[in-house]
Amino acid sequence: MSRRLIIAVPVGTDAPPDEAPAHGALAGGSQGAAEQPPVPETLPILPIRNTVLFPGTVSPLTIGRPSSRKLLEESLPKSKIIGIFAQKDPKVDEPGPGDLHKLGVAAMVLKLFRPSEEQVVIIVQALQRIAIRKVLLTHPFMRAEVEVVQSKYPVKPDKEFEATVQGLRDSALKLVELTLEQPEPVKMLILNLDDPGALADFLAGSINIEAGQKQELLEELDVVKRVQAVHRIVTAQLELAQLQQKIQKDVTSSITEQQRKAYLREQLRAIQKELGETDDVVGQQVSELRRRIEEAQPPKTVMEQAERELRRLAQLHPASPEYSVIVSYLETIADLPWNKLTEDNLDLDRAQKILDRDHFNLQKVKRRLIEYLAVRKLNPSGHGPILCLVGPPGVGKTSLGQSIADALGRKFVRLSLGGVHDEAEIRGHRRTYIGSMPGRIIQEIRRAGSRNPVMMLDEIDKIGSDFRGDPASALLEVLDPRQNNAFVDHYLDVPFDLSQVMFICTANVMDTVPPALRDRLEVIELPGYTDHEKLEIARRYLVKRQLKEHGLKNGQCKFQTAALVRIIRDYTREAGVRELERQIAAVCRAIAAKVAKGRKTGTVVTPELVERLLGPPKYIHESKLKTGRPGVVTGLAWTPTGGDILHIEALHYPGKGNILLTGQIGDVMKESAQAALSLVKSRARELNIPPDVFKETDIHVHVPAGAVPKDGPSAGVAIFTAIASLFSNRPVRPEVAMTGEITLRGLVLPIGGLKEKALAAQRAGIKTVLIPKLNEKDLVELPPEVRHQIRFKPVETVDQVLEAALLPAKNGQ
């Protein structure tokens, strides 16, 4: 707080309000009655505005009116004494006798200056109070008969009056000490003024009060009342000055460097505003942010937090580092859709058509989504489950999310979590950090502009974790319908309701998903496509899309069904259709190049053209054995690309009863081979195998495609059959394939991935597949064409396996 000057020199003027008054100086003292020149009976009358002169003071006056300059020009050569009266209304340019107060002063002109042609500055010393008795002249200036008005002193001053005078003197000395930078000259004047009336007049003329109050003091002729009135004013000014000094001292003692800068910036802003050099940028931004936040209609707790930040922002300068941080925070609050919801379209028939339009087959997934929409239709306020689509790459998990959003009529946002290893990516950064921002969840909702979008959390199985936290753990609250209605992002630090968001997760495998997170998800598996499904997808979607992207019309390029089958079987090995689309795109590019050169107008894509454009086949699929022989069995394996067949080979040679396993076989598969050998040894008599042959023979089991790692227990049945076939010299039926885990008791246990294995058997031309009895329930999940082409024979024991798989022993062996 700046110190305000309390005692001021009277500054008088008769100039218009828009003219600057001259600066004054304190009076040199009070003239005694004996030293004052006599006041003439007639005086020229000078009207002045906005000030009152008191006897004993010296003041500068700026003269601007032509009539007033005429008064000085004609009167001063004859007499230096003039009458000075204050105007009642300072707006009157040519005042008459009725426009002046009844009391003024007779004053002596000490000096005259001419700073310009239209202005005169005079220094006057007020002598005595006077009143107009009779106006003699009004033009070109006013002249009147005057009479001196004497003050009324008490006949015998009492002690109370003397105490009042002393109190006035003491208060004035303290006031001067507090408010003036060089108080000593003024203090000497106050101490030397013995006359109470003169002391009151000096202080009344010096104190910074309104002109109306000063006129009342000038017209107060009773010295006792005048001293008391001035004492009251001086005491009030003293109390104010002391309070200001205390506040200044407290503020100065506690102010920090940053506060000092903020204070100076505020002062600079106020000065610039007074000068009209700047607009109130901060105030405008605060008002705009408040309006936007109110329009967003956040909850009461959020609004209270926003109001606190708005008040802080109003106190900051735009150059402050914290200013931009608070503005970014408030803009985030204003942009979030606190009450914006898109209306759900719960027409189930329409949703079914959209799902069928965008995706072929996937009946189980579509049925579950339609069930979800049906529940939403019957109970709009219910908390739905968190769906997790699990399947190999390229089967349409991500595009399903967009179709679900289209069916519901909601906004769609996708959040890729692959490689995310910082918890702040989910929960946001605290605002104490430079460059902090909300988490990805809040950011995507802000972009969507709706509180109920369909949010796809892609690749949830590829989330990492390190010293910065575990994002999967942060997702526990997000994906819990019972908790996410008050999700607190670290950046916002206020709850946001995520209960209306439809979360859909995707993953390739669930093994890497933490158990606590897996428990919150309803897993829907998307298996790989069959060759028939890939063909239909290519015909309905992929070919049309690639023709459009390459600028080809239907008449310029046409794919034969056999060509598409050739691409599927010889140029792709995948569960999805991404590679299939790339190969179709390669064919389209080659044709587009010829069309662009004008060489061809229409091309029919045949299997032969596919081989010419794409080169030799990239993949050679294992096919069924042409003939059966002892020790060679067709097994089935699950792969991420959809399954394959394995020709497990076994041979024996003289040795010491050891077994050798090759073909990049894993530990579990090695143990299955050991169990299979033990089981064959235990059943040597039933299989007509000499018991001593195992002691004199080494066994080598090999699984081809040695560069591909293999593991798992489901090859146990095939390895057992291969060893049993080898030693019993009974060939294996070439049209039979098998899968299953074995035990030392000869039981066949269930396996996984039956659909993928069945598809591999179909591609290889297998006619019969031996499966564990406990997997018979999974046959309903197989495509109809697979169930029609392959005969599935459930088995419970290895004896049933050998009965179904082995041919009679070769003659002569």
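Higher on the page you've got the structure.
Note that this is a predicted model, so its numbers are computed, not measured. (Residues numbered from 1 in each chain as written. Predicted model: local features only at pLDDT ≥ 70, side-chain atom pairs only at ≥ 80, totals over all residues. Heavy atoms only, no water.)

On to the overall build of the protein. When helices and strands are tallied, the protein shows 26 helices and 25 strands. Computed over its C-alpha atoms, the radius of gyration of the protein comes to 52 Å, more than 25% above the 28 Å expected for a compact globule of 813 residues. Based on the C-alpha atoms only, the size of the protein along its principal axes is roughly 165 × 70 × 50 Å. Within the span of the protein, comprising 813 residues, buried residues form 48% of the whole. Here the analysis covers contacts within the protein between residues at least 6 apart in sequence; of these, 75% occur between residues at least 24 apart. Entry remark: accessible area of the protein is about 40,600 Å², with carbon and sulfur atoms responsible for 51%. One finds the centroid of the 110 positive side-chain charges in the protein at a distance of 8 Å from the centroid of its 103 negative side-chain charges. (Helix = DSSP H or I, 4+ residues; strand = E, 2+ residues; numbered from the N terminus. Rg over C-alpha atoms; globule rule 2.2 N^0.38 Å. Buried < 20%, exposed > 50% of the residue type's maximum accessible area, 1.4 Å probe, protein only. Contact = heavy atoms within 4.5 Å. Areas by Shrake-Rupley, 256 points an atom, 1.4 Å probe, with all protein chains shown as cover. Lys, Arg positive; Asp, Glu negative; His and termini not counted. Charge placed at Lys NZ, Arg CZ, Asp CG, Glu CD.)

Tallied over the entire structure, the rule returns zero disulfides. The thiol of C505 is not disulfide-bonded; the next cysteine sulfur, from C388, is found 5.3 Å away. By relative accessible area, C505 is classed as buried at 0%. As a non-bridged cysteine, C557 has C588 as the owner of its nearest cysteine sulfur, 4.9 Å distant. (Disulfide = S-S within 2.5 Å.)

Now for a positive patch on the surface. Together, K594, K597, R599 and R612 make up a region of like positive charge exposed at the surface. Note on placement: R599 falls in the loop between α20 (578-596) and β16 (603-605). (Patch = residues over 30% accessible without salt bridge, like charges linked within 9 Å, V, L, I, M, F, W, Y side chains within 5 Å. Salt bridge = Lys/Arg side-chain N within 4 Å of Asp/Glu carboxyl O.)

A few words on the sheet that holds strand β18 (residues 644-654). Pairing within the open sheet is mixed, and its seven strands lie in the order β19-β20-β18-β17-β21-β24-β25. Looking at strand neighbours, the two that pair on one side only are β19 (659-662) and β25 (791-795), the edges of this open sheet. Within the sheet, the average angular offset between the axes of one strand and its neighbour, ignoring direction, is 30 degrees. Sheet topology note: the β18/strand β20 (residues 697-702) ladder contains six bridges and is antiparallel. Bridging across to β20, P654 finds its partner in T697. Relative to the sheet, helix α22 (residues 667-682) contacts β19 and β20, its axis offset from that of β19 by approximately 145 degrees. Contacts from helix α24 (residues 754-764) reach β17 (632-637), β18, β24 (768-772) and β25, with the element oriented near 80 degrees to β18. (Pairing = 2+ DSSP bridges. Axes fitted to C-alpha atoms, helices over the stretch in contact; angles between N-to-C directions.)

Turning to the nonpolar core, a few remarks are in order. In terms of nonpolar packing, the biggest core is built from 55 residues, with L457, I460, L475 and L479 touching the most fellow members. Take this core: its biggest share by element is seven residues, from helix α10 (residues 321-335). Once residues within four sequence positions are removed from consideration, I460 is found in contact with L417, L475, L479, C505, T506, A507, V513 and L517. (Core = buried A, V, L, I, M, F, W, Y, C linked by side-chain atoms within 4.5 Å.)

Here we take up the pattern of salt bridges. Applying the stated criterion across every chain yields a total of 40 salt bridges. Among the salt bridges present, the one from R447 reaches E444, with a minimum N-O distance of 3.0 Å. Within this pair, R447 and its partner E444 are both found in helix α15 (residues 440-448), separated by three residues, close to a single helical turn. Judged by relative accessible area, R447 falls into the exposed class, the value being 56%. Overall, the relative accessible area of 12% leaves E444 in the buried class.

With that out of the way, let us pick up the pairing of strand β8 (residues 386-390). Of all five residues in β8, five are buried; the element is thus mostly enclosed. Alternating residues of β8 divide into I386, C388 and V390 and L387 and L389, and every residue in both groups is buried. Both β8 and strand β14 (residues 521-525) contribute to a ladder of five bridges, which runs parallel. When the bridges of β14 are listed, C388 appears paired with V523. Pairing of β8 with strand β13 (residues 502-507), which is carried by four bridges, proceeds in the parallel orientation. Paired with L387 across the two strands is I504, which belongs to β13.

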